[in-house]
Each structure stands twice: as structure tokens, then as C-alpha cells.
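Observations on chain architecture
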Amino acid sequence: MAMTIYERRGAIALITLNNPEKMNALGGTMLADLTAAFAAAEADAAVRAVLLTGAGKGFCGGAQLGTATFEAGSEVGDWMRASINPLIEKVRASRLPVVVAVNGPSAGAGVGLALMGDIVVAARSAKFVLSFVKLGAALDGGTTAFLQRAIGVPRARALALTGEPLAAEVAAEWGLIWKVVDDDALMGEAFALAERLAEGPPVAMRLIKAQLEAAWSVGLGEALDAEASAQSTAFATKDLREGAAAFVEKRKPRFSGR
């Protein structure tokens, strides 16, 4: 059984974590399959957006725990550097906007997988659990950065140190995710959002993603200079001229990615 299902629906790559019996835990070939799926989407010029979700009742339960996992010792760091870390970095640096539909509980590194997307929509029954502390483990999966950036230090520290679950509705109130919808409306809402992004200007999407990511680690002057450079790139595209013309003509723009 494939641990990740990849489908292309028009301009959208739908990627589904597919180990529902184990809450889509990151065991076996899951991370390798997921990395390959994102690489396929990135390489396909017809793909303009990605939608990531999980099969079954959970989004991702984090690492698939077992004797081998607990006996890994210091080797676990090498495994992370070779698997989950590069995946998260590639997704954050992707040209493609990534929508994540969190269909159920997300725990441990699964929280990082959810938050690595650009826009996160969650089912009302979903929850986010930094379960690391309950196992005597440290944080991973990008959660050290994602949580503090989104909801601030006090809340991130409390969630990390207690391991208490965060309900989807509270996650939205705190700004950790974009919005919460009823469970039966999740995929329709997420797919409609992915379609909207897929219709947007690809060059501008790529530039905006890169700008927002870089701005976390630079000063104001460097951010302003980077904005000027990115705007020069955007203004040289046919898409910008199409967007301007559509605005004047009061019609929907038709972006080509050029």
C-alpha cells in the first residue's frame, strides 16, 4: 500500500497521507513517499497549487512509535536531517502555494507537517497536540519555529511544556491556522481555496512566499530592499499587465505564469 496518494485534479496536486490505521504516522516509507509527491508536483508545470490532507479520521499522529524508534538514540537526529527536515524546507521554499486540510488530530511532528503549508484549514473535530514532552522527547518537525511565530512565546511554551491538546477552534482564534469548518465541509472548502490559488499569478505567488519566509530572519532595511527587488521582478511579468488590465476592465484576470 502506498503511504502517500498523489493525484492531479486540473491544476491542483492532491496529496493524501495514507496510513489511516496508524493515524497516518510517519513510519515506513511515508516521508519518502511524501517527499516524492511534493517533488512531482513541483516538477509538473501544469500544477499551480497543492492540497495536502490525511486519510481516515486523523491528519498525522507524528512518528510511528515502536521499539526501534526508542532505541534509535543519537541516530534519530541524523534521520531527521535526512528526511523530515529537507521535506519541510522544500515545501516552504516551493514555488507552489500549499493548502493543508487538517481532517483530524495532529500530534508531534504531525503538527509540523500541518503548519509547513501556506494556508491551513481544519475540521472542527481536529486538534493539535505537541505530544513530545509526554514521551520525554524534544520538539521537532519545525514546531519550535512555527508555533512561536504564529501564536507567540507564552502560548507556544505552555503547549510544548504541558502537551495539552489545542482544539481547532482555539487554534484559529490564536492565529495558528487560517480557519475552521465543519468536518463534512472541509475538503470542499480546502479544494475551493486551492483552486482560487491555482488561478492566481504564479510568479507573484512565488515571490510573496519567498518574501514572507525571508522576512523572519532579516532586519527592516534588508526586508525593504528585498521588497523592491521582488517588485521589479513582478512588474516585468505579463501577468502584472494582465492583472492591471483586468482591474481597469472590471473582469477576472487570466494569469499565465509569464
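These figures come from a predicted structure and were not determined experimentally.

Thresholds, definitions, all that
- Residues numbered from 1 in each chain as written.
- Predicted model: local features only at pLDDT ≥ 70, side-chain atom pairs only at ≥ 80, totals over all residues.
- Heavy atoms only, no water.
- Salt bridge = Lys/Arg side-chain N within 4 Å of Asp/Glu carboxyl O.
- Buried < 20%, exposed > 50% of the residue type's maximum accessible area, 1.4 Å probe, protein only.
- Axes fitted to C-alpha atoms, helices over the stretch in contact; angles between N-to-C directions.
- Helix = DSSP H or I, 4+ residues; strand = E, 2+ residues; numbered from the N terminus.
- Parallel < 35°, antiparallel > 145°, perpendicular 65-115°, else oblique.
- Left-handed = near helix turned anticlockwise from the far one by under 90°.
- Contact = heavy atoms within 4.5 Å.
- Pairing = 2+ DSSP bridges.

Description of the pattern of salt bridges
- The full count for this structure, using the stated rule, is 13 salt bridges.
- Here Glu242 makes a salt bridge to Arg251, at a shortest N to O gap of 2.6 Å.
- Of the residues examined, Glu242 reaches a relative accessible area of 17% and is grouped as buried.
- For Arg251, a relative accessible area of 25% puts it in the partly exposed group.
- In this structure, Glu249 engages Arg251 in a salt bridge whose closest nitrogen and oxygen atoms are separated by 2.6 Å.

Focus: the packing of helix α1 (residues 30-43) against helix α4 (residues 84-93)
- Two elements in contact, α1 and α4, have axes whose closest approach is 10 Å; the angle formed by their N-to-C orientations is 20°. The angle between α1 and α4 falls in the class roughly parallel. Our pair here, α1 against α4, has a crossing hand that is left-handed. Only Ile84, Leu87 and Val91 of α4 make contact with α1, whose side of the interface consists of Leu31, Leu34, Thr35 and Phe38.

Structural notes on the sheet that holds strand β5 (residues 106-107)
- Strand order in the open sheet made by the three strands is β5-β7-β8, with mixed pairing throughout. The open sheet has two edge strands, β5 and β8 (166-167), and neither has a second partner.
- Looking at chain direction, strand β7 (residues 127-129) and β8 are connected through two bridges and run antiparallel. Each residue of the ladder has a partner; that of Phe128, found in β8, is Leu166.

As for the pairing of strand β1 (residues 4-9)
- Note that β1 and strand β2 (residues 12-17) share six bridges and pair antiparallel. Bridge pairing links Arg8 to Ala13 in β2.
- The hairpin turn running from β1 into β2, its antiparallel successor, is two residues long, and Gly10 in that turn takes a positive phi close to 65°.

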